[in-house]
Amino acid sequence: EPEVTQTPSHQVTQMGQEVILRCVPISNHLYFYWYRQILGQKVEFLVSFYNNEISEKSEIFDDQFSVERPDGSNFTLKIRSTKLEDSAMYFCASKAGPESYTFGSGTRLTVV
Amino acid sequence: AQTVTQSQPEMSVQEAETVTLSCTYDTSESDYYLFWYKQPPSRQMILVIRQEAYKQQNATENRFSVNFQKAAKSFSLKISDSQLGDAAMYFCAYRSFLAGGQIIFGKGTRLHILP
């Protein structure tokens, strides 16, 4: 069964550093998403991406965040200057059409 | 804006018994999807079951079934013959029928299975 692959599974970074979280969506999918889950809290939408541009973003997705699909296969989330409160599990997801998302297994980001 | 409410932060059930997790939602849309996701300790998000709002028939997947009450905006999950592997966080979720719609999650219910 096709999978959404996220790397790394766990990343530790110092406050103020830039991080790039990587995702390889399912190859024929057209819609891509990033979600965030702070420990013990619910999963929150960050951004959706379609046709090489952001289609929707939440209030959380401020100027510190950016997304890119640099080579037609990878889908990345960049956080420019990490803060302690950015520590969370970050999930990538993709889908082809109206059916359900497929989520990746997540990247645990720890900012120290 | 759509909201999803799970009023049970934690539940416990004896192994082999049946348990029902509650979920209510609020929307002004007539067409949408509802989901239950399972999140085990590994924190991966696993789709358990999906319901299209235009379908009157309740979705079932093996031991998992839903009770979808569109007028009441209620979407409960029933797990029959509970197994130890069912222990996890369960999230109820809503998505608009729009092609690119975001998923809106509830706060989750942590399910414990008692041996």
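Please read all numbers here as calculations on a predicted model, not as lab measurements.

Draft legend 1. Quick look at the overall build of chain A. Counting its regular elements, chain A contains zero helices and eleven strands. For chain A, the succession of helices and strands along the chain, N to C, is β-β-β-β-β-β-β-β-β-β-β. Compactness check: chain A gives a C-alpha radius of gyration of 13 Å against a globular reference of 13 Å for 112 residues, within 12% of the reference. Projecting the C-alpha coordinates of chain A onto the three principal axes gives extents of approximately 35 × 25 × 25 Å. Relative to its 112 residues, chain A shows a buried fraction of 45%. Residue pairs at least 24 apart in sequence account for 53% of intrachain contacts in chain A once pairs closer than 6 positions are excluded.

Draft legend 2. View of the interface of chain B and chain A. Taken residue by residue, the interface counts 20 residues in chain B and 23 residues in chain A. Approximately 1,800 Å² of surface area, both sides summed, lies buried where chain B meets chain A, with 52% of it carried by carbon and sulfur atoms. Contact with chain A buries area across many residues of chain B, yet Arg43, Gln102 and Phe105 of chain B alone supply 35% of it, more than any other trio. Seen at the junction of chain B and chain A, the total is zero salt bridges. Between the two partners, chain B and chain A, sit six residue pairs in polar contact (both at pLDDT 80 or more). Counting residues per element, the side of chain B that touches chain A draws most heavily on strand β5 (residues 32-39) of chain B, at four residues. Here the side of chain B that touches chain A is built from residues that sort into nine nonpolar, seven polar and four charged.

Draft legend 3. Here's a closer look at the pattern of salt bridges. Overall, the coordinates contain five salt bridges over all chains when judged by the stated rule. Among the salt bridges present, the one from Arg36 of chain A reaches Glu44 of chain A, with a minimum N-O distance of 3.5 Å. The residue Lys73 of chain B makes a salt bridge to Asp26 of chain B at a minimum N-O spacing of 3.6 Å. One end of the pair, Lys73 of chain B, is in the loop between β8 (64-69) and β9 (74-79); the other, Asp26 of chain B, is in strand β4 (residues 24-26), with 47 residues separating them in the sequence.

Draft legend 4. View of the pairing of strand β7 (residues 65-68) of chain A. All names here are of chain A. Taken together, the four bridges between β7 and strand β8 (residues 75-79) define a ladder with antiparallel strand orientation. Residue pairing for β8: Val67 is matched across the bridge by Leu77. The hairpin formed by β7 and β8 contains six residues between the paired strands, and Gly72 there has a positive phi angle of roughly 80°.

Draft legend 5. Spotlight on the state of the cysteines. As enumerated under the stated definition, the model contains two disulfides over all chains in all. Sulfur-sulfur distance for the disulfide between Cys23 of chain A and Cys92 of chain A comes to 2.0 Å. Taking the torsion about the S-S bond as the criterion, the Cys23 of chain A to Cys92 of chain A disulfide, at about -65°, is left-handed. One end of the pair, Cys23 of chain A, is in strand β3 (residues 19-24); the other, Cys92 of chain A, is in strand β9 (residues 88-95), with 69 residues separating them in the sequence. What makes Cys23 of chain A buried here is its relative accessible area of 0%. A disulfide bridge connects Cys23 of chain B with Cys92 of chain B, and the sulfur atoms are separated by 2.0 Å.

Draft legend 6. Fine view of the packing of aromatic side chains. Following the criterion strictly, the structure yields 26 aromatic pairs over all chains and no others. Aromatic pair Tyr33 of chain A and Tyr35 of chain A: ring centres 6.4 Å apart, planes at 40°, arrangement tilted. A ring pair is formed by Phe68 of chain B and Phe75 of chain B, whose centres lie 6.3 Å apart and whose planes are at 80°; its orientation type is edge-to-face. The ring of Tyr31 of chain A carries the charged tip of Lys95 of chain A above its face, separated from the ring centre by 4.4 Å.

Draft legend 7. The arrangement of the environment of Val111 of chain A in detail. Residues and elements named next belong to chain A. One can find Val111 in strand β11 (residues 107-111). For the pair Val111 and Ile60, spaced 51 residues apart in sequence, the C-alpha separation works out to 17 Å. Those residues within four positions of Val111 in sequence are excluded, and the remaining contacts are Thr13, Gln14, Met15, Thr82, Lys83, Leu84, Asp86 and Ser87.

Thresholds, definitions, all that
Residues numbered from 1 in each chain as written. Chains lettered and ligands numbered in written order. Predicted model: local features only at pLDDT ≥ 70, side-chain atom pairs only at ≥ 80, totals over all residues. Heavy atoms only, no water. Helix = DSSP H or I, 4+ residues; strand = E, 2+ residues; numbered from the N terminus. Rg over C-alpha atoms; globule rule 2.2 N^0.38 Å. Buried < 20%, exposed > 50% of the residue type's maximum accessible area, 1.4 Å probe, protein only. Contact = heavy atoms within 4.5 Å. Buried area = accessible area lost by both parts, 1.4 Å probe. Salt bridge = Lys/Arg side-chain N within 4 Å of Asp/Glu carboxyl O. Polar contact = N/O pair within 3.5 Å; in protein donor to acceptor, adjacent residues only side chain to side chain. Nonpolar A, V, L, I, M, F, W, Y, C, P; charged D, E, K, R; others polar. Pairing = 2+ DSSP bridges. Disulfide = S-S within 2.5 Å. Phe/Tyr/Trp six-rings, centres within 6.5 Å; stacked < 30°, edge-to-face > 60°. Lys NZ or Arg CZ within 6 Å of the ring centre and 35° of its normal.

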